[in-house]
Amino acid sequence: MKKLKKNDNGYNNFMTRKILLSLVLPIFLLVSAIVIIGSGCGGVPKDEFYIDADADGFGNSSAKPVRFSETQGEEEAYVVNNKDCDDTNANIHPNAIDIPNNGIDEDCDGGDTIDGGTDN
Ligand SMILES: [Ca+2]
Ligand SMILES: [Ca+2]
Ligand SMILES: [Ca+2]
């Protein structure tokens with residue numbers, strides 16, 4: 001009788017464990033999935049931002065990219081591109097018109113536009 005009871009308990013424990021496992025495991029997996037998905041959605045965007053000191057809409061080409069979390073409170077000073085070859089002058093950016101022969105690369109194409117000139 002005692003032996004049988006022991007076996008019963010053992011069997012019950014096994015069943016309890018099995019039931020617990022079959023309940024706990026899916027819940028654990030579900031919670032894990034929610035945590036993983038949640039961190040993916042609510043997390044920091046992967047985009048990198050560049051400081052735009054002269055506010056012409058183009059980020060400093062020599063600036064170190066920063067994560068969105070690092071732009072705290074100054075988001076408007078950061079842009080997603082880094083195409084400004086002179087971030088101290090708002091008249092110099094890739095959309096600016098390059099004034100020929102002034103020694104300044106206004107449109108950031110890598111050099112000043114040289115007007116062949118008919119004067120010479
Ligand atoms: Ca700029
Ligand atoms: Ca600029
Ligand atoms: Ca120029």
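Okay, so let's go over this structure. Not measured: the values here are computed from a predicted model.

1. As for the overall build of the protein
Phase 1: A tally of helices and strands in the protein yields 1 helix and 3 strands.
Phase 2: Buried positions account for 12% of the 120 residues belonging to the protein.

2. Regarding the environment of Gly 103
Phase 1: Turning to its location among the elements, Gly 103 is positioned in the segment after strand 3 (78-79).
Phase 2: Gly 103 sits 11 residues away from Ile 114 along the chain, and the two C-alpha atoms are 8.8 Å apart.

3. Regarding the sheet that holds strand 1 (residues 48-51)
Phase 1: In spatial order, the strands read 2-1-3; together these 3 strands make up an open sheet with antiparallel pairing. The sheet is open, and its two borders are formed by strand 2 (66-67) and strand 3, each paired with just one other strand.
Phase 2: Here 2 bridges tie strand 1 to strand 2, and the two strands are oriented antiparallel to one another. The partner of Phe 49 across the bridge, within strand 2, is Val 66.

Reading guide: rules and limits
- Residues numbered from 1 in each chain as written.
- Chains lettered and ligands numbered in written order.
- Predicted model: local features only at pLDDT ≥ 70, side-chain atom pairs only at ≥ 80, totals over all residues.
- Helix = DSSP H or I, 4+ residues; strand = E, 2+ residues; numbered from the N terminus.
- Buried ≥ 20, exposed ≤ 12 C-beta atoms within 10 Å, placed from the backbone.
- Pairing = 2+ DSSP bridges.

Nothing here speaks to function; it is all geometry.
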